[in-house]
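Listed below, chain by chain, are the residues.
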Amino acid sequence: MKDQNTTMRGIAVSDLVKETGAFKAKGCRLVQIGCTGIGDAYEINYTFDKDYVFETVRITVHDGDVIPSIAEHYWASFIYENEIHDLYGLTVEGMSIDFGGHLFHTAIENPFKNPPEVTKVEKETPAPGPEEGDA
Amino acid sequence: MELLLFLILFPALMGFVFLVFPNNKARDVMVALAALVIIAATVIFFLQNYGAGTVIYEIEPGAVSTAMMAIEVVLALGVLYLAAKYRQWIVGALVVVGTGVALYAETLFTGPEHLNNLFVDEFTLIMAMIIGVIGSLICIFATGYMRDYHGHHKEIADKRKGFFFLLFVFLSAMFGVVFSNNMFWLFFFWEITTLCSFLLIGYAWDEEAQKNAFWALLLNLLGGLGFGATFLYLAFIDPSGDLVMLDSLIAAGPAIAMIPAALIGFAGLAKAAQMPFSSWLLGAMIAPTPVSALLHSSTMVKAGVYVIVRFAPIYDASFVGFLIALVGGFTFLLASGIAISQSNAKRVLAWSTIANLGLIVTCAGIGNAAAVWAAILLIVFHAIAKSLLFLCTGTVEHRIGSRDIEDMGGLISILPKVTIMMIIGIAGMFLAPFGMLISKWAALRAFLDTPYGIVAVILIAFGSAVTLFFWTKWMGKLLQVAWKPEPKREGEVSAAELYSLTTLSAGVIAICLGFPLLSSIVVEPFLEGIYGIGASLGDQNIAIMLMMMVVVFILPLSLIFFRRNPKMIPHYVGGRTETGDMHFAGSMGMQRKVLLSNYYFEGIFGEAKLGKAGNILCTLFIVAIGIVLATGVIA
Amino acid sequence: MGLFTMTKRALANVIGKPATLMYPVKPAKQFERSRGMLEITIEDCIYCGLCSRHCPADAIVVSKDDRTWQVDRLRCIICAQCVDVCPKTCLRLVPEYKKSVAEPPFVDFFQGPPAPPKPEKKAKEE
Amino acid sequence: MGRQIVVPFGPQHPVLPEPIHLDLVLEDEVVVEAVPSIGYIHRGLEKLVEKREYTDYIRIAERICGICSFTHSVNYAESVEKVMGLEVPARAHYIRTILMEYSRMHSHMLWLGLTADAMGFENLFMNSWRIREAILDDMEMATGGRVIQGLCTVGGIRKDVPDEMLGQMSDHLKEITPQMEELCKIFSHDTSVRHRMRGLGVLTKEEMWELGGVGPTARGSNLPLDARCTGYSAYDELGFKPVVEKEGDCLARCIVRARELMAAADLVHAAVKKMPDGPVDVGKIKGGPDGEAFFFTEQPRGEVLHYVKGNGSKYLVRHRVRTPTFANIPPLVKMLAGVDLADVPVVVLTIDPCIGCMER
Amino acid sequence: MANITKSPWIIHYDGSSCNGCDIEVLACLTPLYDIERFGIINTGNPKHADIFLITGGINYQNVDIVKNTYEQMVDPKVVVAVGICATSGGVFRECYNIMGGVNEVIPVDVYVPGCAVRPEAIIDGVVQALGILEEKRAQLEKEQGGAKK
Amino acid sequence: MINPFIGAILFVILAPLLGGLVAGIDRKVTAHMQGRVGPPVLQPFYDILKLFEKESVVVRPEINFYIFCYLVFLVITGAIFYAGEDILLVIFALTLAHVFLVIAAFASSSPYAHVGAERELLMMMAVEPMLILAAAGMYMTTGSFFVSDIIDHQSMGGGLLVLSIPLLFIGIVYILTIKLRKSPFDISTSHHAHQELVKGLTTEFAGPTLGMYEIAHLYETVFLLGFVWLFFAGAPLLGIVVVAVVYFLEILIDNTNTRAKWQFALRSAWLVALVTGIINLGALVVL
Ligand code: NFV
Ligand code: SF4
Ligand code: SF4
Ligand code: SF4
């Protein structure tokens, strides 16, 4: 089994669009944009690929920050950016198609917002006792 | 005799009265009364004359002819003035040439004066009924309509005096056209209808109205040249003037009458807005709706087919006739096709009118007895159903503020009565067991018995399929009711309008039930007079048709049963929630409205595309007629 | 030509026998490994609750005190996670599957035999 | 307004086995605007990592989707293994590869059938699904599950698939190969199928690259994008080459899938032949994953990416899945403009949408 | 007069299932299982359907859809929850966007367990549903007969 | 024909039974073509009877009325035909019936039914010329539009109709696919395979309403098969065999084709009508 060629580096939010442009110029495709909550902040990973060399750049943002869209380089970024907006409640500016928060209609708004605490959830006990079981 | 003159003169007289009568309310009443008088007179006239065959009325031409000439000159000058003012040089030239030729030709005839200037036969009677009854009903309708019209169009100057004047003068002229045996007279009345049409199209007299009015005038004057040419030709072959009389010309048979028949046919084609002339009729739709109903569907354009049908015996089984049939046939097919691409109700009606006139022309071009039977019935059914449709459209337009079919969705719940009448009209246009279809059917049979008829059969087969499409989609649109329909707004329709509409709808139904009678007492005798044979559908068929008719009228009773405690749920919109007024939960959190539009197929049936094809094709056919005649003459 | 492959197929199908398995007239097709439902040999169970803890669907309830083990058939996703973690390998998946019910709950309840003498159990647990 | 028709397409709709919702604005029958909206299947299962131990979570990860479930479980396992530095035995890799190819075959046949159904070709649908049952049987024989296999675990596979069984599977596969070939021939040559798909929804290679399409959708536009080229599991040893077609229309994408069907069968045969002996898992795993990793695999629908981030406990911090359908939505939006209503289902299906995957 | 049991038409809706159960429902239509033997047609249109097969649990976005589809169906009708997700919410029960099984929003008549359900189990479930359908029809007939008098 | 009424009455009574049987066999054969066992042969009857067991639910009460009219006029169509009357009248009655159907779909104002209605209209537009031209061909061969005369002409030694208008026969078989709503022309609504239009113009018809629609379809099937038979009326038994073969062919076509789009349906149907019409009718004129 071969190892997959993946790299990762962090960049500043302000460099994002420029960096993306550089990737575009290199002929990379946009693989994904993904967000992770880490305690008090969010990491957003932008992955690009050319010839199976997956390069990821990471920006770190906080609640309330405005993230620039990379739509000017990659039209298709709207789908990821809307997802981030809907699940994390982060604002992305300049998306090519703005669903206005209607991509995912979730029970709780922005379910991934606020860094998750790793807690073990109490098991809820299934209700039926022996009497109710199908005897 | 007196009644006949009364019919020709009375409307014009009333027209002059209206011209000087200032008060609108009182004038409306007068109009209605005058219209009723005309209806009564027409009916009496019909009853007096229907069994009598052809009756010639003798009139001393002298003074009358001179008066006509004088009027002609005055009118020509008037038009010239307008043409000069609006720089319509071609129109001016046509007026000069047309009037000039006619006046000049008149001096060529040296024979004794002919007395048999007016006549009545069964065909005339039918035309008179159409003019007298339907025309008058439209005038009554117009009183209510025009009130609304000026209520809606404040920017247009209220010239209703002139409007009713023109309408009534027009009625006179139409009577004149159908009663004239003298073709000079016919031509005189013919040109008056053209002028009336011109002025009425230009009623609003804004830029577009002027343009369309002049265009209509131009094409009709161009067609009118056919008469001038006929006169010259007739003067050339027989200066005695015998042949200027319609009856003697037709009796002279194809050998002599073919060229005049073709020339007048040319005039008829222009007047009947056949391709390549059809554009004027579309432009004419800018006129107030009663005008469209009266001039541009039920009567004036019928004058065009009237003369062609008159010459049908000449065309019978001739190549020229076949070419004319082709013009009609292709006009029918292509105009029907174009109607698919239109969503403006009046334009649909206009194209459908052109198409149906095309069908009549086809019948006339084929020219055998059965075809003429079909043609005459087509004229009748079309006149009544189409005027009903035009008037309904007008009423609806004033109620919903649009004449676009797309805006008429669910009209049945807003204006149930008017809509039902509209549906009667539509059904009358294409559905068995209603009228038009009977005639189409007869036409089909007639064509199959003639040498080239098969081409016409193919044209009709396709054309009626196309017709089916645009009528049904319109009908469907009207009946398309939302789950929670809009409230009724019927009360606002004026009594005059409602009266005319109801009478006309009743007429459609009556004529559908009564057409066997009509056929046997009027049409068949007429055909026997000309061809020596009658024509009709088989009795068995008529019986079945009538049975179907009865079923059509009984079936609605079942609605009572179906209306009983129905459980109603909203329509299906992919599982999304639906509010009943056609909104549903759409993407991106929007409430979206279900829009249900019909198909129009601009790309296939577009006006530009088919219209152009039709114009070229039909021009070719007309040129071919010319070549055939020319070579025939030379040979 | 393109059209004929399909035509041949259709005609061959008409002539040939249908592929239908005719369930329920004939019994359902099963394999040895088919995961139909979870079964327990309750006698071997030590009520350690591991199965319950690892069950991704929370379908199992084990009560050490009552010596009962129950599985909610409307929750169990037959994933064998419990089978894998059970220290006594008293759980297994069998190819037979549970049929539908009209009324929930649908819980299979197993009452274990009374506890064996104490010392033995203690030894087991350590 | 004008002459527009608004058709609410889905979410409940017979040609959509899964709910997706499009507001189609039509003129005559041509789509002038298609506004999509999703979320009808969104469960939010990525968040369950906080509630389930990472070893149990694989059962949930494989239920992201019932069609490509096996590859999801492999991808999840691989990414965790990558974080934890676990060396999975070769046999496990081979068996994983075989089953991944099996699920590709079943998925492609499923898709071919659904597309046929969307085009109103019922018989072809029935035929594809009939052949597919043979594949499902083999999978059930090997794993016990028809569509959800539950075989893969972190660190290997649950239960070895013995060599005889593998032989049996590959024999069975050979048996149905003629049928599969016939199916492929119908899809690539049948006049009426071609009539419906040729020239429809064309995207060029460059457009596809721009739009980030993956999998057969991209490969139909002559874009040789296939995560199997990275050589995970056993692929680097099996000599793998992506299948591409040039035209970029629906037919090309269809042919890509049909050809991949045959290629997958070849891969299975090759893997069975080369199957190494040995254990199938790494034994008991201690501790939890600490760190983060991306892992890419090639699903039937294209490249999928799992990202896991752990903090050393038994509960992961984040599990993110970027599924091929998600990446193929932008191309779909572009493809839909200007097609006929009758073509909408075909175009929608041409990306082989899997909403379960897309929305997780 | 119980033709309804000889011709039950189904509609299938994918709640928020993982597709596993969906494709098994579809598999039921295909040659090997061929539920058309029982007169079953997958209509895909609630207005024509008698049996509502739901796979997958209910989430906050499709709850309206499920309800609406159910309401659009014409009585007598039965609902069959197919698969663990549909019966109880299954593994996704604790997801933030899942409300639970189908019975949370509409009355369910038959619960078919399995993850993924086997086609045979679906056939069993539908056959069981037929009995309930017939009961409901008889009920409806009685009510309507009563209403008419 | 002995008495026109007998034919009509037999049609009214027997057509649903015969049509149901044909439909049942159709479904069985279709299933076998797909490698399945398929439903019982009597399934169509169960289906229809079931529909009448369901509650009557509508979007608008008028829909029931329109569908009822559709049914009535289809019955009339067939009755006129089997009574041996004028074939043009039959065609017109058929059109009328379908106009009611289309209107019912329009009236339900659901987008699917609406598009279905438009497509049905297109399909009517597609088949109408062919029907009329076929009637014209019959007239030119036998000198009458009357079905009874057309039959008599053949049995009195006029030769089978199909021999003089073979192309028109082919054209009729072509549009039969449209009329029977079989793939590739199940465009406005389809019997089985799923469609982008859900159920097209029948989407909003539920319960008894749909039942009426289905019965009407049975009548229509029998009428159409009669129309095909007419080409072989001189040899009644051969005619029946041909009808069976034609129907089998339709099933086969149904099972070996994708659903076409309306553009193709309309163009091809018109082209067939035009070509067969011109050549065949032209030949009749010339010969
Ligand atoms: N192939 C696949 Fe998936 C994944 N990942 C995709 O979109 O099917 Ni449900
Ligand atoms: S893990 Fe095994 S021994 Fe422990 S409670 Fe469960 S079944 Fe019993
Ligand atoms: S099989 Fe899976 S779901 Fe069922 S009880 Fe065991 S662990 Fe839980
Ligand atoms: S029950 Fe299992 S297979 Fe079915 S939808 Fe739920 S997770 Fe998927």
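Up top is the structure.
Every chain begins its residue count from 1, and numbering advances along the sequence as written. Ligands are numbered from 1 and chains lettered from A, in the order in which they are written. Confidence filtering applies because this is a predicted model: local features only for residues at pLDDT of at least 70, side-chain atom pairs given and counted only at 80 or more, and all residues used for totals across whole chains, interfaces and linings. For the side-chain quantities, the full set of heavy atoms in the structure was used; hydrogens and water were omitted.

**Some details on the environment of Gln128 of chain E**
Secondary structure counts use DSSP, requiring at least four H or I residues in a row for a helix and at least two E residues in a row for a strand, with both numbered from the N terminus. Relative to the helices and strands, Gln128 of chain E is located in helix H4 (residues 119-148). Judged by relative accessible area, Gln128 of chain E falls into the partly exposed class, the value being 28%. Gln128 of chain E sits 19 residues away from Asp109 of chain E along the chain, and the two C-alpha atoms are 9.3 Å apart. Gln128 of chain E has contacts with Ser100, Val101 and Ala102 of chain C together with Val110 of chain E, leaving out every residue within four places of it along the chain. For each residue, the accessible area found with a 1.4 Å probe, counting protein chains only, is set against the maximum for its type, and the residue is called buried under 20%, exposed over 50%, and partly exposed in between. Whether two residues are in contact is decided by their heavy atoms: any pair within 4.5 Å suffices.

**Examining unusual backbone geometry**
Geometrically, the link from Met275 of chain B to Pro276 of chain B is a cis peptide bond, its omega value of 5 degrees lying close to zero. For Asp28 of chain D, which is not a glycine, the phi torsion comes out positive at approximately 50 degrees. On the secondary structure map, Asp28 of chain D appears in the loop between strand S2 (21-27) and strand S3 (30-37). Unlike most non-glycine residues, Asp352 of chain D shows phi in positive territory, near 55 degrees. Residue placement: Asp352 of chain D occurs in the loop between helix H12 (344-350) and helix H13 (355-359). Note on Asp352 of chain D: relative accessible area 3%, which makes it buried.

**Remarks on the arrangement of the chains**
Taking contact number as the criterion, the leading pair out of 13 pairs of chains in contact is chains B and F. In this view chain B stays clear of chain C, with the nearest C-alpha atoms of the two still 25 Å from each other. With respect to C-alpha atoms, chain A approaches chain F no nearer than 23 Å, and the pair has no contact.

**Observations concerning the packing of helix H1 (residues 4-33) of chain F against helix H3 (residues 61-82) of chain F**
Residues and elements named next belong to chain F. Fitted lines through C-alpha atoms give the axes, limited to the stretch in contact for helices. The angle between two N-to-C directions lies from 0 to 180 degrees. The geometry of H1 relative to H3 is characterised by a closest axis approach of 7 Å and an angle of 140 degrees between their N-to-C directions. Accordingly, the angle class assigned to the pair H1 and H3 is oblique. Crossing hand, H1 versus H3: right-handed. Listed contacts from H3 to Pro4, Gly7, Ala8, Phe11 and Val12 of H1 are Leu74, Val75, Gly78, Ala79 and Tyr82. For classification, angles of less than 35 degrees are called roughly parallel, those exceeding 145 degrees roughly antiparallel, those between 65 and 115 degrees roughly perpendicular, and all remaining angles oblique. Left-handed describes a crossing in which the near helix is turned anticlockwise from the far one by less than a right angle; the clockwise case is right-handed.

**Brief notes about the coordination of the nickel atom of ligand 1**
Residues and elements named next belong to chain D. Taken together, Cys65 (SG), Cys354 (SG) and Cys357 (SG) make up the full set of protein donors to the nickel atom of ligand 1, lying 2.0 to 2.6 Å away. As a rule, N, O and S atoms within 2.8 Å of a metal are its donors, except that Na, K and Ca use 3.2 Å; water is not among the atoms, so sites may look incomplete. Geometry assignment treats four donors as tetrahedral when all angles are between 85 and 135 degrees, treats four as square planar and six as octahedral when opposite donors are over 155 degrees apart and all others between 65 and 115, and treats everything else as irregular. Around the nickel atom of ligand 1, the 4 donor atoms are arranged such that angles at the metal cover 82 to 134 degrees; this shape is classified as irregular. Along the chain, the residues that donate to the nickel atom of ligand 1 are spaced as C-x288-C-x2-C. Between the two metal centres, the nickel atom of ligand 1 and the iron atom of ligand 1, the spacing is 2.9 Å, with Cys357 acting as a shared donor. Here Cys65 is found in the loop between helix H1 (54-61) and helix H2 (69-84), whereas its partner Cys357 is found in helix H13, with 292 residues between them in sequence.

**Quick notes on the site of ligand 4**
To be near a molecule or strand, a residue needs just one of its heavy atoms within 4 Å of it. Taken together, Arg63 of chain D together with Ser17, Cys18, Gly20, Cys21, Gly83, Ile84, Cys85, Phe92, Gly114, Cys115 and Ala116 of chain E are the residues near ligand 4. Listing elements by their share of the shell around ligand 4, those giving two or more residues are helix H1 (20-29) and helix H3 (84-88) of chain E. Split by residue class, the shell around ligand 4 holds 7 nonpolar, 4 polar and 1 charged. Each residue receives one of three labels: charged for Asp, Glu, Lys and Arg, nonpolar for Ala, Val, Leu, Ile, Met, Phe, Trp, Tyr, Cys and Pro, and polar for the others, Gly being one of them.

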